[in-house]
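Structural description and commentary
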Amino acid sequence: MIPAPGDGWTRLSPRKLLLDPVKAVGQAIIPVVVALVGISRSDTRFWPLVLPLVVLGPLLLGALPWLTTHYRLTATQIQVRSGLLTKRTSTAPLDRVRSVDLEASLLHRLLGLQKVQVGTGVDDDRITLDALAVADAHALRTTLLRRREAPPAALPEGAGVAEEVSVPAPPPPPAPPLARIDWSWLRFAPFSLGRLVLLAGAVGVFSQVADELPIWNEETATSAWEWVTQFAIAAVVVVLAVGGLALWVAVSVAGYVLQWWGFRLVREHGALHLTSGLVTTRSITVEEAKVRGVAMTEPVLMRLVGGAELATLATGVEAGVTQVLPPCPRDVAVGVGESVLEVAGPLTGPLVEHGPRARRRSWFRQLRNALDVVALLAVAWWFLDLSWWWLGAVAAALLVLGAAVGEASYRHLGHALGEQHLVAGSGTLARIRTVLETDGIIGWVLAQSWWQRRIGLADLTATTAAGTERVVVRDVRLDVAVALADRATPGLLAPFLERART
Amino acid sequence: MSDEGGTPVLRAPAHRVSPRAVPYWTVTALVGDAVLVGAAVVAWLVVPGVPDWAGLLVLLVGLAAVAHVALMPRIRFRVHRWEVTDTAVHTREGWIGRQSRIAPISRVQTVDSRQGAVMRLFGLASITVTTASAAGPITVDCLDDETARRVVARLTAITAATEDDAT
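Residues numbered from 1 in each chain as written. Chains lettered and ligands numbered in written order. Predicted model: local features only at pLDDT ≥ 70, side-chain atom pairs only at ≥ 80, totals over all residues. Heavy atoms only, no water.

Overview of the overall build of chain A
Condition: Working definition: helices are DSSP H or I runs of at least four residues, strands are E runs of at least two. Numbering for both runs from the N terminus. Using a 1.4 Å probe on the protein chains alone, a residue whose accessible area is under 20% of its type maximum counts as buried, one over 50% counts as exposed, and one in between counts as partly exposed. Note on definitions: a residue-residue contact is assigned when non-hydrogen atoms from the two residues lie within 4.5 Å.
For chain A, the count of helices and strands is 13 helices and 22 strands. In chain A, which comprises 502 residues, the share counted as buried stands at 41%. Here the contacts in chain A between residues at least 6 apart in sequence split such that 56% fall between residues at least 24 apart.

If you want it as structure tokens, here you go:
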């Protein structure tokens, strides 16, 4: 049942009749149970009256959206009509369709359904069809994306469009995927700290609960502490560390598997198409014409094992930054990145270093942070009247750490200009390399703080509509910055340049 | 551009902002700093048993405020410049730091002008030119309102003529 263009409005999949009541029951279950308990206590005579209501209510409510929602494809538009009392019609011109994303929760998948979201490049305005049968959803996606590929003017007038689609199109030759999941990549999961937040949250919840436990009062704590210090402090520390590590490995690996199960990245219909997910499956489309660059991130722990992450920077989608690869080997990230950029080099080529003055600033910046912490600690020490010897040790450690981080952040600095790409290296602990098409640059900001002016450095920001909307080349020599901006966007700066007189 | 030898240097944009910006900045700085210093003095007087060095601190705040009111508007007037050519908008601003901003006119999306109540007293207006990037708005502070009107009209005319979606 491929949705064919024409007059006919099509309903969503009838299986939605099963989906929505289950959802409705899920939402209504608690009030209903409460009501039932209340009634059963007071009087049993109302049971025959109440029970059908309880059963039929969710069914009816769940059926409403299916009864009232219709959609259709015309030769030029996709239209969706919904609402019982207030009718709402959403339309999107087919040539404005930028993305078609499919998503399926576990329930959707059990019923063979998918939620379809059609993006038109306007940030918030997405058309949602929840839910279509899997085959219909895929057919719709293919139709919409392929239509966008062919300019409407090239189609024959009128009927041509209808014929093309109503005949089930022969499946296109499957494009070789740019990347697919390789379970040896699981080794990167524990080194990617994004999920640490989740774990910290869980620990926080546990500590809340633990506080309430009767065993957790001062006496037991003190006696436990004494016991620990007497017998087994080393053993307890080791057990805690090993236990924490094991928990972390389990959580991170499980999260990785849930998120990236069946991951595939393919290029089709002029778009990058990503599918993944074990329980909830996602299918994300990024139109290649809107991709202005990529960002490759190597977090500090992942660097140890040669891993990296890759994101595309695109304009006209909700989040301009789309992570298109799971944590994976650096070579894979570079390969996919170059394939997306359609040019080799920007992700691997050498960067122009920013010189000793930039290094000094990187060092000073981190050392100052360390000093701030030391100052705070000193105040705390003073109040608590602790041994100053400890503070000295902590301060020394912090300063050494600050110096190391400063050196690292300097080594990540750099810039380069390819034929069509501006490359910026950044990051304090993580090494980040951002590649932006020079065509995507829509302005420059050249900023100098007072310190930077004294030593002739500047922060050069290329503004863009893609991704995070800016690419910063930090602490670069002023003349180098001006020359870089001039070469990246030929002609733009020309009226404002003059030769140095020296 | 970079084929004649010698390093290229970004020159200052051609036009200064309106000279009336100096009294305007002075007044706004004066009001803001007066509130701050006043609060500091009141706190110093009211809080019982303040240590001696707190008085010194209040004095320092006061001196800094005086320096700010006296110097900031003049430095800022020297730094702030703007220029609109047929292809680009170029501004320079700041007083301790410096910021130069350049955006091609073909990428300009909106042109706003803004005139607050105090600005109206001084006959000043500000223009903000935005592009599709959140990092890219360019503001020309404190033009006299006649110039501001002219620049807005010109920019609007040029941007209306470009058809791209400016991303």
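Quick notes on the sheet that holds strand β1 (residues 10-11) of chain A
Residue and element names in this part refer to chain A. Cut-off, in case you're wondering: Pairing between strands is defined by DSSP: at least two bridges between them are needed.
Within the open sheet, the 4 strands sit side by side as β1-β2-β3-β4. Their pairing is antiparallel. Whereas interior strands pair on both sides, the edge strands pair on one side only; in this sheet they are β1 and β4 (88-93). Bridge analysis of strand β2 (residues 70-73) against strand β3 (residues 77-82) gives 4 bridges, and the strand direction is antiparallel. Looking at the pairing, Leu73 lines up with Ile78 of β3.

What about the pattern of salt bridges?
Under the convention used in this document: Salt-bridge detection follows one rule: a side-chain nitrogen of Lys or Arg within 4 Å of a carboxyl oxygen of Asp or Glu.
Taken as a whole and judged by the stated rule, the model has 13 salt bridges over all chains. Of the charged contacts, one joins A:Arg361 and A:Asp475 as a salt bridge, the two residues approaching to 2.9 Å between their closest N and O atoms. Of the two residues, A:Arg361 sits in helix α10 (residues 355-384) while A:Asp475 sits in strand β21 (residues 470-477), which places them 114 residues apart along the sequence. Among the residues examined, A:Asp475 registers a relative accessible area of 0% and is labelled buried. Note that B:Glu146 and B:Arg149 form a salt bridge whose closest N and O atoms lie 3.5 Å from each other. You can see B:Glu146 and its partner B:Arg149 sitting in helix α4 (residues 145-161), 3 residues apart, about one turn around the helix. The class for B:Arg149 is exposed, based on a relative accessible area of 54%. Put simply, A:Arg361, A:Arg365, A:Arg474 and A:Asp475 are held in one network by salt bridges that share partners.

With respect to the interface of chain A and chain B
Keep this limit in mind: Summed over both partners, buried area is the accessible surface (1.4 Å probe) that two parts give up on being assembled.
The interface is formed by 35 residues belonging to chain A together with 34 residues belonging to chain B. The junction of chain A with chain B conceals about 3,000 Å² of combined surface from both sides, 56% of it contributed by carbon and sulfur atoms. Summed over the three residues of chain A that lose the most area to chain B, namely A:Ile442, A:Phe496 and A:Arg499, the buried surface amounts to 27% of that side. Inspection of the region where chain A meets chain B yields 0 salt bridges.

Focus: helix α11 (residues 388-412) of chain A
All names here are of chain A. Let me state the cut-off plainly: An expected span of 1.5 Å times one less than the residue number is assigned to each helix.
Its 25 residues give α11 an end-to-end C-alpha distance of 36 Å, which sits within 8% of 36 Å, the value for a rise of 1.5 Å per residue. Leu391, Ala395, Gly402, Ala403, Val405, Gly406, Glu407, Ser409, Tyr410 and His412 are the residues of α11 that are buried. Residues of α11 that are buried in the fold lie against α8 (300-304), α10, β16 (414-417), β17 (421-426), β18 (431-437) and β21. Looking one or two residues beyond α11, the residue adopting positive phi is Gly414, at roughly 155 degrees.

Let's talk about the nonpolar core
We apply this condition: Put simply, buried Ala, Val, Leu, Ile, Met, Phe, Trp, Tyr and Cys residues joined by side-chain atoms within 4.5 Å make one nonpolar core.
Counting residues in hydrophobic clusters, the biggest one holds 31 residues, and the most contacted among them are A:Phe263, A:Leu310 and A:Leu325. For this core, the elements supplying multiple residues, two or more each, are α7 (218-260), β10 (271-276), β12 (291-298), β13 (307-314) and α9 (330-341) of chain A. Among the elements that make up this core, the one with the highest residue count is α9(A) (5 residues). Apart from residues lying up to four places away in sequence, A:Leu310 is in contact with A:Val294, A:Ala295, A:Met296, A:Thr322, A:Gln323, A:Val324, A:Leu325, A:Ala333, A:Val336 and A:Gly337. The next biggest cluster of nonpolar side chains, apart from the first, holds 30 residues, and it includes B:Val22, B:Val111, B:Ile127 and B:Val151.

A few points about unusual backbone geometry
All names here are of chain A. For the peptide bond that leads from Asp130 to Ala131, omega is 15 degrees, which places it in the cis range. Within the fold, Ala131 resides in strand β7 (residues 126-133). Although it is not a glycine, Asp475 sits at a positive phi angle of roughly 50 degrees.

Structural notes on the sheet that holds strand β11 (residues 281-287) of chain A
Residue and element names in this part refer to chain A. Sheet architecture is open: 7 strands sit in the order β7-β6-β5-β11-β10-β9-β8, paired in antiparallel fashion. Two strands in the sheet have a free side with no partner beyond their single neighbour: β7 and β8 (179-180). With 5 bridges connecting them, strand β5 (residues 99-104) and strand β6 (residues 113-119) associate as antiparallel partners. Bridge assignment links Asp101 to a residue of β6, and that residue is Gln117.

A closer look at a nonpolar patch on the surface
Residues and elements named next belong to chain A. To keep things clear, this is the line we draw: Patches here are clusters of residues that have more than 30% relative accessible area and form no salt bridge, with a 9 Å joining cutoff for like charges and a 5 Å cutoff for nonpolar side chains (Val, Leu, Ile, Met, Phe, Trp, Tyr). Accessible surface area values rest on a Shrake-Rupley calculation with a 1.4 Å probe, where residue burial reflects the displayed protein chains alone.
There is a patch of nonpolar side chains on the surface, built from Val379, Trp382, Phe383, Leu384, Leu386 and Trp388 and spanning about 740 Å² of accessible area. It is α10 that contributes the most residues to the nonpolar patch, 4 residues altogether. Note on placement: Leu384 falls in helix α10. By relative accessible area, which is 58% here, Leu384 ends up exposed.

Here we look at the side chain of A:His354
Residues and elements named next belong to chain A. Put simply, the rule reads: Side-chain atoms alone can form a polar contact between residues adjacent in sequence; in general such a contact is a pair of N or O atoms within 3.5 Å, and within protein one must be able to donate a hydrogen while the other accepts it.
Considering the arrangement of structural elements, one finds His354 in the loop between α9 and α10. At 2.9 Å, the side chain of His354 and the side chain of His415 are in polar contact. Here the side chain of His354 touches Asp475 through a polar contact of 3.3 Å, landing on its backbone oxygen. Setting aside its immediate chain neighbours within four residues, His354 contacts Tyr410, Leu413, Gly414, His415, Val473, Arg474, Asp475 and Val476.

Observations concerning the packing of α10(A) against α11(A)
Residue and element names in this part refer to chain A. The line we're drawing: Axis lines are fitted to C-alpha atoms, over the contacting stretch for helices. Their N-to-C directions set the angle, which ranges from 0 to 180 degrees. Relative orientations are named as follows: roughly parallel for angles under 35 degrees, roughly antiparallel for angles over 145 degrees, roughly perpendicular for angles from 65 to 115 degrees, and oblique for any other angle. Take the far helix as your reference; a near helix turned counterclockwise from it by less than a right angle gives a left-handed crossing, and one turned clockwise gives a right-handed crossing. Three categories are distinguished: nonpolar for Ala, Val, Leu, Ile, Met, Phe, Trp, Tyr, Cys and Pro, charged for Asp, Glu, Lys and Arg, and polar for the others, with Gly belonging to the last.
Relative orientation of the contacting elements α10 and α11 amounts to 155 degrees, with a least axis distance of 8 Å. Our classification of the angle between α10 and α11 gives roughly antiparallel. Where α10 crosses over α11, the handedness of that crossing is right-handed. Looking at the contact of α10 with α11 residue by residue, the class counts come to 21 nonpolar, 6 polar and 3 charged.

Brief notes about the packing of aromatic side chains
Just so we agree on the cut-off: When the centres of two rings from Phe, Tyr and Trp lie within 6.5 Å, Trp using its six-membered ring, the rings pair. Their planes under 30 degrees apart give stacked, over 60 give edge-to-face, and anything left gives tilted. Note on criteria: charge over ring means Lys NZ or Arg CZ within 6 Å of the ring centre, with the direction from the centre no more than 35 degrees off the ring normal.
Scanning the model with the defined rule gives 6 aromatic pairs over all chains in all. Arranged with centres 5.5 Å apart and planes meeting at 70 degrees, the rings of A:Trp450 and A:Trp451 form a pair that is edge-to-face. For A:Trp451, a relative accessible area of 54% gives the class exposed. Over the ring of A:Trp66 we find A:Arg11; its NZ or CZ atom is 4.8 Å from the centre of that ring. Against the face of B:Trp25 rests B:Arg76, its NZ or CZ located 5.4 Å from the ring centre.

Examining the environment of A:Arg264
Residues and elements named next belong to chain A. Within the fold, Arg264 resides in strand β9 (residues 264-268). Residue Arg264 is classed as partly exposed on the basis of its relative accessible area, which comes to 30%. Sequence-wise, Arg264 and Ala179 are 85 residues apart; in three dimensions their C-alpha atoms are separated by 5.9 Å. Setting aside residues no more than four positions away along its own chain, Arg264 makes contact with Pro177, Ala179, Arg180, His273, Leu274 and Thr275.

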